[in-house]
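Listed below are the residues making up each chain.
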Amino acid sequence: MKSLKKIPYKNLFKLTLLFAAAFFIGQIAGRVVDYMQPEAIPTAAEGSWGLSFQEEGQPPVANATFDELKQYDAYYAENTTDKVLYLTFDCGYENGNTAPILDALKKHNAHATFFVVGNFLSTSPDLVKRMVAEGHIVGNHTYNHPDMSKISTMDAFSKELGDIETLYQETIGQPMTKYYRPPQGKYSESNLKMAQEMGYKTFFWSLAYVDWYQDKQPTKEEAFDKLLGRIHPGAVVLLHSTSKTNGEILDELLTKWEEMGYTFKTLDQLVSGS
């Protein structure tokens, strides 16, 4: 108490007010920071495409906006309220499920984009020829399916895309459409720039589910829960052609989406805005 007696009451009163004001400002600032803290977006790893689904029937929040991607000729969905969706398939290898997928697409007169790797193209050229003959787009998923975010030179990057371009030209007899999807969604800003410099448009996605584990395929109910519950206007849907579940449910899935009022467009239409 002796120390307090040495402080004039006027100064003590001012000091008390100062501490109270500091505490009040600190509380307000803390609330503002909490309010402005952005929604966390889960990703598989650093440099991976990530999505956060926050409301059923609405587009997810992605780790890049439409405008941020547009400067690199990159897309993940269409910014629209119209009930349209874009079907895409990643093709790492063939295990008997691609033909049923093509059958279902043909039945619904729906055209998709198949992003293929070198292994798929070299081992299943007849399926790729069928894709082209039935009006589908065949895009570039790289030759070896590496983690492209670790590739920092144009020479290495262009070789991954260029090798499959060459194989496609030799196999199909026409140039490959310059649509690119990074394997596993792993990318960097420099990757987007390099793809753009090569004349490519990069495509991520706004709807996908865990369908690629051969020994742990989702049930029909699990697939429908994700693919029906999270569908939204302008969705770019990513499915894997290796999925037995996808091969079995695609006809019914497309029917259900149609019953919900959705129509199918191609990535060409997304790019052109038509």
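Residues numbered from 1 in each chain as written. Predicted model: local features only at pLDDT ≥ 70, side-chain atom pairs only at ≥ 80, totals over all residues. Heavy atoms only, no water.

**A few points about the overall build of the chain**
How we decide: In this text, helices come from DSSP runs of H or I with a minimum length of four residues, and strands from runs of E with a minimum of two, each type numbered from the N-terminal end. Think of it in three bands: residues with accessible area under 20% of the maximum for their type are buried, residues over 50% are exposed, and the middle band is partly exposed, with areas taken using a 1.4 Å probe on protein chains only. By the convention used here, residues are in contact when the closest approach between their heavy atoms is within 4.5 Å. Using the Shrake-Rupley algorithm and a 1.4 Å probe, accessible areas are obtained, with residue cover drawn only from the displayed protein chains.
Broken down by element type, the chain carries 11 helices and 10 strands. Relative to its 274 residues, the chain shows a buried fraction of 43%. Summarising the internal contacts of the chain: among those between residues at least 6 apart in sequence, 71% fall at separations of at least 24. A total accessible area of about 14,600 Å² is found for the chain, and carbon and sulfur atoms account for 54% of it.

**What to know about helix α10 (residues 244-259)**
The following threshold applies: Multiplying 1.5 Å by the residue count of a helix minus one yields the expected span of that helix. Two axes are fitted around each residue, one to the seven residues ending there and one to the seven starting there, and the angle between them is reported as the bend at that residue. Pairing of N or O atoms within 3.5 Å defines a polar contact, subject to two protein rules: one partner must be a possible hydrogen donor and the other a possible acceptor, and residues neighboring in sequence count only if both atoms are side-chain atoms.
Taking 1.5 Å per residue, 16 residues should reach 22 Å; α10 reaches 24 Å between its end C-alpha atoms and fits that length. The largest bend along α10 reaches roughly 55 degrees and is located at L250. By the burial criterion, the buried members of α10 are T245, N246, G247, I249, L250, L253, L254 and W257. The inward-facing, buried residues of α10 contact β4 (84-91), α4 (98-107), α9 (220-229), β9 (235-240) and β10 (263-265). The backbone nitrogen of T245 lies 3.3 Å from a side-chain oxygen of the residue at the head of α10, namely S243.

**Examining the pairing of β9**
Quick note on the threshold: When DSSP finds at least two bridges between two strands, those strands are taken to pair.
Among the six residues that make up β9, six are buried, leaving the element largely enclosed by the rest of the structure. With burial as the criterion, each face of β9 is covered, one bearing A235, V237 and L239 and the other bearing V236, L238 and H240. Bridge count for β4 against β9 is six bridges, and the pairing is parallel. Residue pairing in the sheet places Y86 in a bridge with V236 of β9.

**Side note on the packing of α4 against helix α6 (residues 125-133)**
To be explicit about the condition: The axes used here are C-alpha line fits, helices contributing only the stretch in contact, and every angle between their N-to-C directions lies in the interval 0 to 180 degrees. An angle below 35 degrees is treated as roughly parallel, one above 145 as roughly antiparallel, one from 65 to 115 as roughly perpendicular, and anything else as oblique. Only Asp, Glu, Lys and Arg are considered charged, only Ala, Val, Leu, Ile, Met, Phe, Trp, Tyr, Cys and Pro nonpolar, and every remaining residue, Gly among them, polar.
Running from N to C, α4 and α6 cross one another at 10 degrees; their axes reach a closest spacing of 11 Å. Taken together, α4 and α6 sit at an angle that is classed as roughly parallel. Contacts between α4 and α6 pair T98, A99, L102 and D103 from the former with L127, R130 and M131 from the latter. Tallied by class, the residues present in the contact of α4 with α6 amount to four nonpolar, one polar and two charged.

**Focus: α4**
Helical geometry note: an α-helix holds 3.6 residues per turn, so side chains three or four residues apart project in the same direction. We count it as follows: This arc corresponds to the set of directions leading from the helix axis out to the C-beta atoms.
Those residues of α4 that sit buried are T98, I101, L102, A104 and L105. Taken end-on, α4 shows its buried residues confined to a sector of 160 degrees, consistent with a single buried face. In α4, the exposed residues that point more than 90 degrees away from the buried face are K106 and K107. Next to the buried residues of α4 lie β4, β5 (113-116), α5 (118-123), α6, β9 and α10.

**Things to note about the nonpolar core**
Convention followed: To form a nonpolar core, buried Ala, Val, Leu, Ile, Met, Phe, Trp, Tyr and Cys residues must be joined to one another through side-chain atoms within 4.5 Å.
Ranked by size, the top nonpolar core spans 41 residues in total, and within it L87, F89, L105, F114, L227, L250 and W257 carry the most contacts. When residues of this core are assigned to their parent elements, the largest contribution, five residues, is made by α10. The residues contacting L227, other than those within four sequence positions of it, are L207, Y209, L239, I249, L253 and W257. Membership of the second largest hydrophobic core comes to 24 residues, among which are W49, F115, Y179 and W205.

**Some details on the environment of R230**
Secondary-structure assignment places R230 in the loop between α9 and β9. Residues R230 and F53 lie 177 residues apart in sequence; the distance between their C-alpha atoms is 7.6 Å. Filtering out sequence-adjacent residues up to four positions away, R230 remains in contact with F53 and L207.

Without other data, these values stay purely geometric and don't point to any function.
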